[in-house]
Amino acid sequence: MEKPRTKSLLPSFILFAMAVAVCLPTSRLIAAAEIIVVDPMDAVYPDIRPTALPANAPLAAPQGGTMLVQVVLRGEPGQLLVKQLDLVENGEVSGAQWYAMDSVPVEQNTGVDYGTEALDGRKNHYVIRRAPFEIADALVPVGEGWDSEAWKSRRAGFDQRGSAAFAVRWSIPRDVQPGLRHFTVTAELADGKKVSSRFSVQVYPFAVPSPEQGTFNLVQSSAPEPIAYAHKVPLWSEEFWALYAEYARVLAEGRQSTGFINLDNMNDDCPTGPEPQFGERVSRAIKIFKAAGMRDFLGAGLFKPIPSADGKRRWGMTGVEPALGTPEGDAKARALFSQVRKAIEENGVTGKFKMQIFDEVPESDNSLYIKAAKILHEEMPGVKIYEVISSPNLGIADVVDEWCPMSTVYAPRQDFFAKQKAAGKQVSIYTCMGPGGPWVNRLLDQERTRVAHIPWFVYGYDLDGYLHWGANAWGSDPFKKSVIPTTGAPNLFLPAGDTHILYPGDRGPWISLRYEAQRLGAEDYEALYMIGKQSADGARELVFKHFPAMNTGPRDGASYWQARHDLLAAASGLPASALLKTEPKSGSFLQSLGAQK
């Protein structure tokens, strides 16, 4: 993958006009300013007027959950200088967090199977729009003082453009009174004019557990090097570790349960072999993920192929000599495994730590894999092996403790994986560069509901979790380039959004609309889990009633919210789609809301 280009990243973050203004053709500008509340599952484009969320179609939320809606302002240039935006319930203004929505490019469409359409020239009919186009995804925090000098200096785009896109995000207290809640979004413009729009949320009497107490297993790789490049700090410096901790905190807030430790990065600059600083870095990463509230830990990336002139396959630690199978190579592997073992023992996470040996191991390398697994078991007794496979490589079954196949590998081999689970092993799924077509994934040119559907299928297929390789693996500036070339094959690109679900902001990570959709799905999993404690078959029946399969079923926002109403009603012990018509008689639950940074 192309390395991040450090010169082009941060300046674009500071130019907030790019991050807040969404341009419409001047010939289609309307005379009067208007405000449109948009379903969080709907796409917002720079050049298309969005469809408003129907006022009589309430969203669904659990107690203790988090909600978000999109807000689009449209009008003549010069009319959209925003003085204040507020979320109001019962006349009371919330302390919710506001964001400007930044549009990012989609240069190519996702392929039918893998990569992008450039790989084989086939047209993917399951995309939301033909590329190239731009779509809102990054959420840029707006400070509390809308009239502050900092905000004024960043709103230049409003004076010249005919549309501006925002999002408002707020938490729902666990002890809030359930019922049908009505909200108003109000915008005060600099010329004194005000516009407003209403929407509703049905809050159900089901309290979703906190991320720390959740049951959904979400793994995302938080890569160290892109963080250092994007934020222009030295790798492994104190400034870097502070940023790394902030990325971990944001991922955990989004209900990530497993801290992914990139062991190859930790060992990259230990040129003379295993150095004590390798183990110290691993230990520090574990401490950071624990402090963020993550429950489990996965180490990965030590073994990679070594370039060979004779064509023979060899492995080395991070892809350099000495090779595994030589006395020197085996000794280095043992030393590194020993340092990881010491780090996990010191931090008390031995029973919660898993190791990945080789990412997407080909069958030709099975003998090397088994050799590495033997060394790992000897040096790290009790640590389970977790393996990601992109093809049906079942020759390593005897040494793997937890499988993580790509969803398209899992689906046609459910009988095999069911037998593996019956034997006491775990099975998760992952996505990477695909699948495309109609499959669930979290790419920019797919319906956002597909992201929220993933946890539903994790429960429905009795899987143990979901892994994605890229929380922040930007190959270049993600605000300017979303489709990234690879060295794997001609015309092979990482599809738009595959590398990341976070963006590098000016002081730390910025979340995305796909991040929020993933969080909604993770909350849904907790409701399914609670229903399943009474009837696992009943919970699975609810999944497949609404979403027949990972590559089949409705993808529109209205269908998702209908499914969520049914889900939360069931988790609350209510009939399907039973809205609590009784509205709270007094008080606003927004009083106790704090902005989520």
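The rules behind the values
Along each chain, numbering runs from 1 in the same order as the chain's sequence is written. This being a predicted model, a pLDDT of at least 70 is required before a residue's local features are given, and a value of 80 or more before pairs of side-chain atoms are given or counted; all residues contribute to the totals for chains, interfaces and linings. As a rule here, side-chain values come from all non-hydrogen atoms in the structure, and water together with hydrogens is ignored. One requirement defines pairing of two strands: DSSP has to find at least two bridges between them. Only DSSP runs of H or I with at least four residues qualify as helices, and only runs of E with at least two residues qualify as strands; both kinds are numbered from the N terminus onward. Axis geometry follows a simple rule: fit a line to the C-alpha atoms, using only the stretch in contact for helices, then measure angles between N-to-C directions, giving values from 0 to 180 degrees. Basic side-chain nitrogens of Lys or Arg form a salt bridge, by our definition, when they fall within 4 Å of a carboxyl oxygen of Asp or Glu. Using a 1.4 Å probe on the protein chains alone, a residue whose accessible area is under 20% of its type maximum counts as buried, one over 50% counts as exposed, and one in between counts as partly exposed. In predicted models, pLDDT denotes the confidence assigned by the predictor to each residue on a 0 to 100 scale. Whether two residues are in contact is decided by their heavy atoms: any pair within 4.5 Å suffices. Put simply, buried Ala, Val, Leu, Ile, Met, Phe, Trp, Tyr and Cys residues joined by side-chain atoms within 4.5 Å make one nonpolar core. What a helix is expected to span follows from its residue count: subtract one and scale by 1.5 Å. Counted as a polar contact is a pair of N or O atoms within 3.5 Å, where, for protein atoms, one must be capable of donating a hydrogen and the other of accepting one, and residues adjacent in sequence contribute only when both atoms are in side chains. Geometric relationships in this document are graded by angle, where less than 35 degrees denotes roughly parallel, more than 145 denotes roughly antiparallel, 65 to 115 denotes roughly perpendicular, and other angles denote oblique. Left-handed is the label given to a crossing in which the near helix is rotated counterclockwise from the far helix by less than a right angle, and right-handed is the label when the rotation is clockwise. Residues are grouped as follows: Ala, Val, Leu, Ile, Met, Phe, Trp, Tyr, Cys and Pro are nonpolar; Asp, Glu, Lys and Arg are charged; every other residue, Gly included, is polar. Classification of ring pairs uses Phe, Tyr and Trp, with its six-membered ring standing for Trp, and accepts pairs whose centres are within 6.5 Å; under 30 degrees between planes counts as stacked, over 60 as edge-to-face, and the remaining range as tilted.

1. Considering the sheet that holds strand β7 (residues 133-141)
Item 1. Taking strand neighbours across the sheet as the criterion, the five strands line up as β1-β3-β8-β6-β7 in an open arrangement whose pairing is antiparallel. If you trace the sheet from one side to the other, it starts and ends with β1 (34-38) and β7, each paired once. Mean inter-strand twist for the sheet, computed between neighbouring axes without regard to direction, equals 35 degrees.

2. A few points about the pattern of salt bridges
Item 1. Counted by the stated rule, this structure contains 33 salt bridges.
Item 2. Close ionic contact of D264 with K304 constitutes a salt bridge, the shortest N to O distance being 2.7 Å. With D264 in helix α6 (residues 263-267) and K304 in strand β14 (residues 303-305), this residue pair connects regions lying 40 residues apart in the sequence.
Item 3. Judged by relative accessible area, which is 15%, D264 ranks as buried.
Item 4. For E523, the salt bridge identified is with R564, shortest N-O distance 2.9 Å. Linking E523 in helix α13 (residues 513-534) with R564 in helix α15 (residues 557-571), this pair joins segments that are 41 residues apart in sequence.
Item 5. Three or more residues joined by partner-sharing salt bridges are found here, namely R169, E246, R249, E253, E516 and R519.

3. Digging into the confidence of the model for the protein chain
Item 1. Across the protein chain, the average pLDDT comes to 87, with 87% of residues at 70 or higher.
Item 2. Contacts of residues 150-160 to residues separated by more than four positions or lying in other chains number 27 contacts, the stretch itself having pLDDT below 50.
Item 3. Of the regions scoring below 50 in pLDDT, residues 581-597 engages in 53 contacts with residues more than four places distant in sequence or in other chains.

4. Points about the nonpolar core
Item 1. The biggest cluster of nonpolar side chains holds 164 residues, and the ones touching the most others in it are W170, F199, F303, W315, F353, I357 and Y369.
Item 2. Ranked by size, the runner-up nonpolar core spans 16 residues in total, among them V219, L298, I484 and L494.

5. Looking at helix α8 (residues 327-346)
Item 1. Helix length check: α8 (20 residues) gives 28 Å between terminal C-alpha atoms against 28 Å at 1.5 Å per residue, within 8%.
Item 2. Among the residues of α8, G329, D330, K332, A333, L336, F337, Q339, V340, A343 and I344 are the ones counted as buried.
Item 3. Tucked into the core, α8 has its buried residues touching α6, α7 (276-292), β14, β15 (315-317), β16 (353-355) and α9 (366-379).
Item 4. Looking at the residues trailing α8, positive phi occurs at G348, about 65 degrees.

6. Here we look at the side chain of S512
Item 1. Tracing the backbone shows S512 in the loop between β25 (509-510) and α13.
Item 2. The exposure class assigned to S512 is buried, which follows from its relative accessible area of 0%.
Item 3. For S512, the side chain forms a polar contact with the main-chain oxygen of I501, separated by 2.8 Å.
Item 4. In this structure the side chain of S512 is engaged in a polar contact, spanning 3.0 Å, whose partner is the backbone nitrogen of Y515.
Item 5. Setting aside anything within four residues of it in sequence, one finds S512 in contact with D137, A138, L139, I501 and Y503.

7. A few points about the environment of F216
Item 1. Assignment of secondary structure puts F216 in the loop between β10 (194-207) and β11 (218-221).
Item 2. Each C-alpha atom of the pair F216 and E523 lies 8.4 Å from the other, and the pair is 307 residues apart in sequence.
Item 3. Those residues within four positions of F216 in sequence are excluded, and the remaining contacts are R255, S257, R295, P455, V458, Y466, A522, Y525 and E526.

8. Some remarks on the pairing of β11
Item 1. Along β11, one buried face is formed by L218 and Q220 and the opposite face, lined by V219 and S221, is buried too.
Item 2. Relative to strand β21 (residues 466-468), β11 is paired through three bridges, and the arrangement is parallel. If you follow L218 over to β21, its bridge partner there is Y466.
Item 3. Looking at chain direction, β11 and strand β12 (residues 258-262) are connected through three bridges and run parallel. From the neighbouring strand, S221 faces β12, where its bridge partner is F260.

9. A look at the environment of M355
Item 1. Of note, M355 is situated in strand β16.
Item 2. Each C-alpha atom, one on M355 and one on L376, is 8.6 Å from the other, the two residues being 21 residues apart in sequence.
Item 3. In contact with M355, not counting residues within four places along its chain, are L263, L298, G299, F337, V340, L376, M380, V383, K384, I385 and Y386.

10. Quick look at the packing of helix α5 (residues 238-253) against α7
Working note: a packed helix pair is described by the angle between its axes plus the distance between those axes.
Item 1. Packing of α5 against α7 brings their axes to within 8 Å, and their N-to-C directions diverge by 40 degrees. Taken as axis vectors, α5 and α7 run oblique relative to one another. Two packed elements cross with a definite hand, and for α5 against α7 that hand is right-handed. Mapping the contact onto sequence places E238, W241, Y244, A245, A248, R249 and A252 in α5 and R281, R284, A285, I288, F289 and A292 in α7.
Item 2. Its residues placed into classes, the contact of α5 with α7 shows nine nonpolar, no polar and four charged.

11. Comments concerning the packing of aromatic side chains
Item 1. Within the structure shown, the criterion is met by 28 aromatic pairs.
Item 2. Seen from their ring centres, W403 and F417 are 6.0 Å apart, and the 75 degrees between their planes marks the pair as edge-to-face. Of this pair, W403 sits in strand β18 (residues 402-405) while F417 sits in helix α11 (residues 414-422), placing them 14 residues apart in sequence.
Item 3. What makes W403 buried here is its relative accessible area of 0%.
Item 4. Since its relative accessible area comes to 2%, F417 is described here as buried.
Item 5. Between F479 and Y503 the ring centres are 5.2 Å apart and the planes differ by 45 degrees, which places this aromatic pair in the tilted class. One end of the pair, F479, is in the loop between β21 and β22 (484-485); the other, Y503, is in strand β24 (residues 503-504), and 24 residues separate them in sequence.

12. Considerations on the packing of α7 against α8
Item 1. As a packed pair, α7 and α8 sit with axes 9 Å apart at the nearest point and diverge in direction by 35 degrees. You can see that α7 and α8 cross each other, and the crossing is right-handed. Listed contacts from α8 to P276, F278, G279, V282, S283 and I286 of α7 are L336, Q339, V340, A343, I344 and E346.
Item 2. Taken together, the residues of the contact of α7 with α8 sort by class into eight nonpolar, three polar and one charged.

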